[in-house]
Amino acid sequence: MDPNETGDQLVFFVNGKKVIEKDVDPETTLLTYLRRKLGLCGTKLGCGEGGCGACTVMISKYDPFRKKILHHTANACLFPVCALHQVAVTTVEGIGNTKSRLHPAQERIAKSHGSQCGFCTPGIVMSMYTLLRNTTEPKMEDIEDAFQGNLCRCTGYRAILEGYRTFAKDVNCCGGVANGTGCGHSERENSTNGGCCGGKVNGPGCCMNGREDNVKMMSSSLFNSSEFQPLDPTQEPIFPPELMIQCKKQQKQLCFKGERVTWIQPTTLKELVALKSQYPNAKLVVGNTEVGIEMRLKNMLYPVIIAPAWILEMNAVQHTETGVAFGAASTLSSVEEVLRKAVAELPPYKTEVFQAVLEQLRWFAGPQIRNVAALGGNIMTASPISDLNPVLMASGSKLTLASKEGKRTITMDEKFFTGYRKTVVKPEEILLSVEIPYSKKGEYFSAFKQASRREDDIAIVTCGMRVLFQDGTSQVEEIKLSYGGMAPTTVLALKTCQELTGRDWNEKLLQDACCLLAGEMDLPPSAPGGMVDFRRTLTLSFFFKFYLTVLQKLTKNNNGANNLCEPIPSNYISATELFHKDPVANAQLFQEVPRGQAFEDMVGRPLMHVSAAKQACGEAVYCDDIPHYENELYLTLVTSTKAHAKILSVDASEALSIPGFVCFVSAKDVPGSNITGIANDETVFAEDVVTCVGHIIGAVLADTQEHSRRAAKTVKIKYEDLKPIVTIQEAIEKQSFFKSIKRIIKGDVKKGFEESDHILEGEMYLGGQEHFYLETHCTVAVPKGEDGEMELFVSTQNPAKTQEFAANALGVPSNRVVVRVKRMGGGFGGKETRNTILTTAVAVAAFKTGRPVRCMLDRDEDMLISGGRHPFLGRYKVGFMKNGKVKSLEVSYYSNGGNSVDLSYGVMDRALLHLDNSYNIPNVRSVGIVCKTNLPSNTAFRGFGGPQGMMIAECWMSDIAQKCGLQPEEVRRLNLYNEGDLTHFNQKLEGFTLRRCWDECLSSSSYYARKKLIEEFNKQNRWKKRGLCIIPTKFGISFTIPFLNQAGALVHVYTDGSVLLTHGGTEMGQGLHTKMIQVASRSLGISTSKIYISETNTNTVPNTSPTAASVSADINGMAVHNACQTILKRIEPIKQSNPKGSWEDWIKAAYEDCISLSATGFYRIPELGYDFEKNEGKPFCYFSYGVACSEVEIDCLTGDHKNIRTDIVMDVGTSLNPAIDVGQIEGAFVQGLGLFTMEELRYSPEGNLYTRGPGMYKIPAFGDVPTEFYVSLLRDCPNSKAVYSSKAVGEPPLFLSASVFYAIKDAIYSARKDSGLSELFRLDSPATPERIRNACVDVFTKMCPPAEPGTFKPWSVRV
Ligand SMILES: Cc1cc2nc3c(=O)[nH]c(=O)nc-3n(C[C@H](O)[C@H](O)[C@H](O)COP(=O)(O)OP(=O)(O)OC[C@H]3O[C@@H](n4cnc5c(N)ncnc54)[C@H](O)[C@@H]3O)c2cc1C
Ligand code: FES
Ligand code: FES
């Protein structure tokens, strides 16, 4: 068939409506189609690579092979629109809305406060909805599993699970009957967890508690589940009957031709093999989870795509004599279902391999991927880190291949993979089916995988291991050890296996196997992927686990006379246990509003985020959801691929050949100043020199996003390389520093050291962090055509700077530029200044063309160019007494600022101001130096240097305890400040509640009892260790630049009594608008329902400070209050003349009396200003305090860790909204968990960022939240310094996650002790599996020593 002559139609349904497409481009994804063509913007783009779940939709189809309707989730960002034929798609808009009725899946996430910025919410709703379509009575475990492919950066997940727990039928809990929330509150005394205590404990947080107990007026009801609508499955839309009829009919081959790609969907195997013979280079696409990524991220083009979805043989499942044969197009979910059934029905000895496959599938991507990705796709991708290939190889699975010439069956063995992503399968062949074998008696099989994150992460090392014993003996007849992640292909350890054959399964075999594997599974020190020592060690650790597992089974099974196996030592048993999740448990405690507070007065009540319902329905409008303008253009940035180079030439001529290309924009198009940035040290577009990879050089404009992306890729830039400086270490060597170097000096450091019993010196490195807001940077610029006016819709925390920078680049006064911000899909500091690098480029492009221009960065671009949290290096020398009391401290902080100053000075100031964390250090000498490097400029990130400053304090604090042989909690407590103490920057501590937080946390976490249990556990387990740590935090509240501590507000009251409130803060999910409405409601004495906030913009409240530094509620709240008071004062006479009148009556009368019903408000924090030189003045208005206690368990063999329990006590003053404050605490804590244990940015030695998406950069997922998570807001601690006695909460709790880091360190100490090591050791942050494993020094790590530094070029460097 000539694909050019196809007249085929694509027919599918979206939310019950039929769609017929005649002209469809196979390169279009379902996400683009929904958003652009159908205007269904509820489905979000978070990453475009299947890694975040923001684009989750439900796919329903009739499966002709299984003869039933299947509903499953899928990532719309990878789903080719052509694969939709005869499929029904349900998006978040299709299940409920705010106008008629929210679906329970929408209602419950909103009301349980599970939606903050809301960008992830539609995807999470759709995962839940799909689960409910498949089972109306899910178990809690099903719910947790359903979210394996969804990420949220704001909430910390607890609230989402809590809301959805109400759907679970197996929760051993009152389900909220007793107190209005799913309690799940365990017997907190001793950390058993799970389920409700049924009133046995009756401690704080117990759902059975009356409110009149000893914890007066404390509540744990953040929402009332009795208000929830019941789930009524009969109300769900049915599968379109028309599709059902069509699906049952004989299909005919389909063909769709786009600009570059043709999609062919044959109906028979014969057609398929004929097509493959005609187009041997064609890709066979089932899930598109690999091909989609290659086309989007790796710039690959596959002109012909063949879809085997209709081929019976490729989708069939056959149970044969020797195993189960799956058609190669079987999805991983269907493989899972079949194998699960087989395991349940067959004798266990037969299903050893199946169980291993299931174990691998358990941690394979998320359900959205597993539901569409094929078994054959995993094999044929031939990825060296495939999870299934090692299992298939070790088990000797059979592959049947087909071509026009016929079929052949081969065994997956060491010859199957012929090179990186290459196999023996010929281009004209297809993989038809895969037979996974039954195991035999005397055969044992295990699979292991270690990744950076447990859920939805590709492996670092993965393996399948099989051994067959001679009948009834422990003598090895056959053994196969197959590894992924150790070579360019999946490999078999052939030599090792050969040597082990015929040997007895004993200690000697173990030793020899490890020696052999260490030699055979070697990696060069520069191997791609890095982590060389860790990967090598893992091969041995996995074998050791396999050895123990088999030994255990042998001991159990071979109880005859031939059994010579020694039973494994009891303290080794836990090394064989597979990871299992414990049931989650949590509680949130807060103080109820005082008795008698007016019903309408919402201050202090857990009011739902005002946009939560809209967010849950996909109705909330984010920047890229703004409808397209008629003649709008799309912009794609052209950025540097060199970290430091001269630009020799830029050639955009090839872009002319791309359809829809309009123009290239560069420095010469900037009408105003090309110089920009906070310190005027940046360019809008680079001119002569580039100073980082990702430096913006120009931009391409085209009619569509796809065309502009393609055109941008054709722009050729010639460079002359200059030597880059990438790391802090290099910057120190070359003295490459930004010029402002700050110091804080207090007391007499020298004398302090002289008086100390001990002096310790050390160093700690803290890696940076990517913001990973779910919504990437986005700007829509609309030129107004008059006097240089331009309207900018921007996802920014900083409208005022955005306006100023755009005006400066456009060469117009600020009064011509309006910046409008409705909401952001997360900010976390990343949109405080760095959005301007995109906004100014888009504004210039709009100016040049006179047309509206849009750009939302792709995730990889965003990660590449926009910078993140500063990496820090801390060098310390600390003097202390034998009892652990600190006498003197000398610290040097170095941060990696990147290529421009941006906010780096402020970040370093805050780090220095927090170098004490919460400890009284009489003598301090500190210096903070910002390194100038060739990385993208690092910037603000929640905590703004505070966490880095405090983390280094905790490092020396933990060293002191070790050195003195004292308990860390005692040393910490000994050094805590007291009320009235002066900090190292000479600010007096007033209202110092930290000791109260500490004592409450110690007691509510049952610290000492659990510490004993942990010691016992560690004695009984050699390869699993637990650790416990309690950490305080004190966080200074205010911008450290005094003038930023000002805010404005504007209140309009309309004649119907409705109030339009505007203030200077932006909404990024933190609930600021909700709090401001609460404040205005109390100030005006009216219901919150009368008050509305539409957006933040520069033409209502000018010169605003960025929404940052946690002070936004404080300062904007006071400004709102001030404006409200002005209005109230004006209408006071009217109120007095009609005291019984309603608000509406008064407003009407005021209007008719010609009283202005519009007022501005203003506030500045008084008396701020600190002088570093003199170490005097007041940098902060007040401090927020908190304490966390965390328990972890590490797997010493793999470096994995499990967050068992965290207890937090936080002082947020008198909470304005406990639901929002608890959400901020949990969200910050989990974000910090990522910072300190998981998130690792990896750069090449040349300064090129490798980690450019969720595939490689792991933020915490649902499964990373502590299994038991208790948050309580300190009661009776009003704060006189902020609005309605509240306190700032956005940043302060983040550092509490350091408790997890130091609990890990505690556990590692225990592991090292078992290896005979007792001295101090260095653990840098984050405590990744690699760092944990390498620190747990043992016989295996010793067999894989690191290469001598300097003798090789590492794959990645610590920046
Ligand atoms: C977010 C995400 C997470 C992932 N996580 C994991 C993970 O944890 N572990 C892991 O191993 N992988 C993972 N992957 C990789 C990928 O999902 C798997 O490899 C998947 O099985 C590919 O299947 P597919 O149907 O989507 O392949 P497609 O993209 O449709 O095709 C992949 C390749 O296989 C070829 N192909 C497919 N079927 C045949 C056939 N029958 N005959 C010949 N050639 C064929 C195609 O031509 C193409 O080259 C992940 C991918 C993503 C996007
Ligand atoms: S946008 Fe599709 S998974 Fe992230
Ligand atoms: S609410 Fe989940 S990413 Fe913001």
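Refer to the structure presented above.
Below is a short write-up of the structure.

## Describing the pairing of strand E12 (residues 323–327)
Next, step 1: Of all five residues in E12, five are buried, a share of seventy percent or more.
Next, step 2: Judged from the three bridges that link them, strand E11 (residues 317–319) and E12 form a sheet pairing that is antiparallel. Each residue of the ladder has a partner; that of Gln-318, found in E12, is Ala-325.
Next, step 3: The loop that links E11 with its antiparallel partner E12 comprises three residues.
Next, step 4: Across five bridges, the pairing between E12 and strand E17 (residues 430–437) is antiparallel. Of the residues in E17, the one forming a bridge with Gly-323 is Pro-437.

## Comments concerning the site of ligand 1
Next, step 1: By nearness alone, 33 residues border ligand 1, and Thr-289, Val-291, Ala-374, Asp-387 and Leu-431 come closest of all.
Next, step 2: Ala-365 places a polar main-chain atom, nitrogen or oxygen, 3.2 Å from an oxygen atom of ligand 1.
Next, step 3: Contacts to ligand 1 include Ala-374, whose backbone N or O atom sits 2.8 Å from an oxygen atom.
Next, step 4: Here ligand 1 loses 93% of its free accessible area of 990 Å² to cover by the protein chains.
Next, step 5: Those elements giving two or more residues to the shell around ligand 1 turn out to be strand E9 (283–284), helix H8 (291–297), helix H13 (375–381) and E17.
Next, step 6: Of the residues forming the shell around ligand 1, the biggest block, five residues, is contributed by H13.
Next, step 7: When its residues are assigned to classes, the shell around ligand 1 shows 17 nonpolar, nine polar and seven charged.

## Focus on the packing of helix H27 (residues 968–975) against helix H28 (residues 994–1004)
Next, step 1: Two elements in contact, H27 and H28, have axes whose closest approach is 11 Å; the angle formed by their N-to-C orientations is 160 degrees. Relative to H28, the element H27 is oriented roughly antiparallel. H28 is crossed by H27, and the crossing has left-handed handedness. In contact with Glu-969, Arg-972, Arg-973 and Leu-974 of H27, H28 contributes Arg-995, Trp-998 and Asp-999.

Conventions and cut-offs
Residues numbered from 1 in each chain as written. Chains lettered and ligands numbered in written order. Predicted model: local features only at pLDDT ≥ 70, side-chain atom pairs only at ≥ 80, totals over all residues. Heavy atoms only, no water. Buried < 20%, exposed > 50% of the residue type's maximum accessible area, 1.4 Å probe, protein only. Helix = DSSP H or I, 4+ residues; strand = E, 2+ residues; numbered from the N terminus. Pairing = 2+ DSSP bridges. Near = heavy atom within 4 Å. Polar contact = N/O pair within 3.5 Å; in protein donor to acceptor, adjacent residues only side chain to side chain. Areas by Shrake-Rupley, 256 points an atom, 1.4 Å probe, with all protein chains shown as cover. Nonpolar A, V, L, I, M, F, W, Y, C, P; charged D, E, K, R; others polar. Axes fitted to C-alpha atoms, helices over the stretch in contact; angles between N-to-C directions. Parallel < 35°, antiparallel > 145°, perpendicular 65-115°, else oblique. Left-handed = near helix turned anticlockwise from the far one by under 90°. Contact = heavy atoms within 4.5 Å.

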